[in-house]
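Chain by chain, the residues:
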Amino acid sequence: AEQTSLVSRKAIELWQEAGMPVDLVQLVLGTGALQGNALVSHPDVNAVIFTGSTATAKRIETALAQNAAPETLFVAETGGLNAMIADASALPEQVVKSVMASAFQSAGQRCSALRMLYVQREIYPQILEMIAGAMALLKVGDPGELKCDVGPVIDAAAAQALNTYINKQQSRIVYQTPTEGLDGHFVTPTLLEVDGINDLDFERFGPILHIAPYDVDQLDSVVADINARGYGLTFAVHSRIQSRTEQLCSHLNVGNNYMTRNQIGDMVA
């Protein structure tokens with residue numbers, strides 16, 4: 001994101017203060033269309049490491065294919081409509097703990113964050129009630145305070161887009177975390193009930209969680225729907241049935257599969 005440029009600049013300054021040679025790392029700031037395109041289109045580039053949208057990653061891939069050597073390395077970590085599936089054998093407390101971290105930590109501003117939660121119908125009412133109860137305890141406010149769980153989103157434009165989306169989904173709102181008197185770019189943590197992942201048009205990068213029930217005989221179609229969206233960085237499965245876990249992980253086309261845990265904080269052992 002272009003908003004991260006200031007963080008990058010500060011990091012470079014700190015490294016140089018610590019003794020890093022000034023000419024070792026070059027920081028080039030600019031827009032993707034101008035400076036970014038010029039860099040990834042240069043024939044001498046031999047590696048590109050990118051984090052951002054799928055659309056931009058595709059443009060970089062095309063530029064490298066047209067200009068770079070065949071052996072040029074390209075690593076792209078893009079976001080997506082990351083899903084979690086919890087079946088009837090899952091431990092409800094463990095599911096809810098994982099959901100809260102995956103959907104609302106960092107105000108939902110993680111490429112790996114949970115966007116679509118599927119819960120088997122037999123335990124759906126219980127999980128729904130427990131998630132609402134956990135959301136009621138979230139503290140939204142200044143992230144400089146230890147009591148805070150959810151801070152503001154990155155800027156005014158992001159907050160406006162997210163709040164506009166929520167306002168258009170009034171009939172689907174199951175629960176919203178109580179928030180009062182907040183001054184800043186805040187978005188209320190919101191739980192929306194949908195029919196499935198096909199109700200999501202694209203990734204909403206904030207504290208918004210979508211949830212849907214499924215019947216056990218619908219599991220294959222749920223997997224097919226997730227795969228059909230064409231992108232997914234992370235997936236989590238909560239189940240105590242090993243064969244089902246193995247089946248889901250082998251059939252889902254995602255970057256990282258997480259089992260009975262949250263799907264953020266990519267620390268793969």
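Whatever comes next refers back to the structure up there.
Below you will find a few notes about this structure. A quick note: this is a predicted structure, and the numbers were derived from the prediction, not measured.

### As for the overall build of the protein
So, step 1. Scanning the protein for helices and strands turns up 8 helices and 9 strands.
So, step 2. Considered along the principal axes of its C-alpha atoms, the protein spans approximately 60 × 45 × 35 Å.
So, step 3. When each of the 269 residues of the protein is scored for burial, the buried share is 40%.
So, step 4. A sequence separation of at least 24 residues applies to 68% of the contacts in the protein between residues at least 6 apart.
So, step 5. Here the protein has roughly 14700 Å² of accessible surface; of this, 53% comes from carbon and sulfur atoms.
So, step 6. Seen as two clouds, the 17 positive and the 29 negative side-chain charges of the protein have centres 2 Å apart.

### A word on a nonpolar patch on the surface
So, step 1. A surface patch of nonpolar side chains, about 280 Å² in accessible area, is lined by Ile49, Leu73 and Val75.
So, step 2. As for its position among the elements, isoleucine 49 is in strand β1 (residues 47-52).
So, step 3. Judged by relative accessible area, which is 63%, isoleucine 49 ranks as exposed.

### Comments concerning the packing of helix α4 (residues 92-104) against helix α5 (residues 124-136)
So, step 1. Where α4 meets α5, the closest approach of the two axes is 10 Å, and the angle between their N-to-C directions is 50 degrees. Classified by the angle their axes make, α4 and α5 are oblique. Considering how the two elements wind past one another, α4 and α5 form a crossing that is right-handed. Counting all contacts with α4, which are made through Pro92, Glu93, Val95, Val96, Val99, Met100 and Phe104, the residues of α5 involved are Gln126, Ile127, Met130, Ile131, Ala134 and Met135.
So, step 2. For the contact of α4 with α5, the residue count by class is 11 nonpolar, 1 polar and 1 charged.

### Section: α4
So, step 1. Counted at 1.5 Å a residue, the expected span for α4 with its 13 residues is 18 Å, and the 18 Å between its end C-alpha atoms agrees.
So, step 2. Those residues of α4 that sit buried are Pro92, Val95, Val96, Ser98, Val99, Met100, Ala101, Ser102, Ala103 and Phe104.
So, step 3. Tucked inside the fold, the buried residues of α4 contact β3 (83-86), β4 (116-120), α5, β6 (190-193), β7 (208-214) and β8 (234-238).
So, step 4. Serine 106 sits one or two positions beyond α4 and adopts a positive phi of about 60 degrees.

### Digging into the pairing of strand β2 (residues 73-78)
So, step 1. Direction of pairing for β1 relative to β2: parallel, over a ladder of 6 bridges. The residue bridging valine 48 from the neighbouring strand is phenylalanine 74, located in β2.
So, step 2. In the classification by handedness, the crossover that spans β1, the intervening helix α3 (residues 54-67) and the parallel β2 is right-handed.

### A few points about the side chain of serine 102
So, step 1. The topology assignment puts serine 102 in helix α4.
So, step 2. At 2.8 Å, the side chain of serine 102 and the backbone oxygen of serine 98 are in polar contact.
So, step 3. Excluding residues that lie within four positions of it along the chain, serine 102 makes contacts with Met84, Ala113, Leu114, Asn262, Gln263 and Ile264.

### Observations regarding unusual backbone geometry
Glycine aside, negative phi is the norm for most residues, and most peptide bonds take the trans geometry.
So, step 1. Of note, the phi angle at alanine 107 is positive, near 55 degrees, even though the residue is not glycine.
So, step 2. Within the secondary structure, alanine 107 is located in the loop between α4 and β4.
So, step 3. Residue threonine 260 is not a glycine yet carries a positive backbone phi of 50 degrees.
So, step 4. With respect to the element layout, threonine 260 can be found in the segment after β9 (256-259).
So, step 5. Classification of threonine 260 by relative accessible area gives partly exposed; the value is 32%.

### Here's the deal with the sheet that holds β7
So, step 1. One open sheet accounts for 7 strands, arranged β5-β6-β7-β4-β3-β8-β9; its pairing is mixed. A strand with exactly one partner marks an edge of an open sheet, and here the two such strands are β5 (173-176) and β9. Neighbour-to-neighbour, the strand axes of this sheet turn through a mean angle of 20 degrees, independent of strand direction.
So, step 2. Bridge analysis of β8 against β9 gives 4 bridges, and the strand direction is parallel. Looking at the pairing, alanine 236 lines up with tyrosine 258 of β9.
So, step 3. Across the sheet, helix α7 (residues 219-228) touches β3, β4 and β7, and the angle it forms with β3 is around 170 degrees.
So, step 4. Sheet strands in contact with helix α8 (residues 242-251) are β3, β4, β8 and β9, and its direction is about 165 degrees off that of β8.

About the cut-offs
Residues numbered from 1 in each chain as written. Predicted model: local features only at pLDDT ≥ 70, side-chain atom pairs only at ≥ 80, totals over all residues. Heavy atoms only, no water. Helix = DSSP H or I, 4+ residues; strand = E, 2+ residues; numbered from the N terminus. Buried < 20%, exposed > 50% of the residue type's maximum accessible area, 1.4 Å probe, protein only. Contact = heavy atoms within 4.5 Å. Areas by Shrake-Rupley, 256 points an atom, 1.4 Å probe, with all protein chains shown as cover. Lys, Arg positive; Asp, Glu negative; His and termini not counted. Charge placed at Lys NZ, Arg CZ, Asp CG, Glu CD. Patch = residues over 30% accessible without salt bridge, like charges linked within 9 Å, V, L, I, M, F, W, Y side chains within 5 Å. Salt bridge = Lys/Arg side-chain N within 4 Å of Asp/Glu carboxyl O. Axes fitted to C-alpha atoms, helices over the stretch in contact; angles between N-to-C directions. Parallel < 35°, antiparallel > 145°, perpendicular 65-115°, else oblique. Left-handed = near helix turned anticlockwise from the far one by under 90°. Nonpolar A, V, L, I, M, F, W, Y, C, P; charged D, E, K, R; others polar. Expected span 1.5 Å × (residues − 1). Pairing = 2+ DSSP bridges. Right-handed = clockwise from strand over helix to strand, strands pointing away. Polar contact = N/O pair within 3.5 Å; in protein donor to acceptor, adjacent residues only side chain to side chain.

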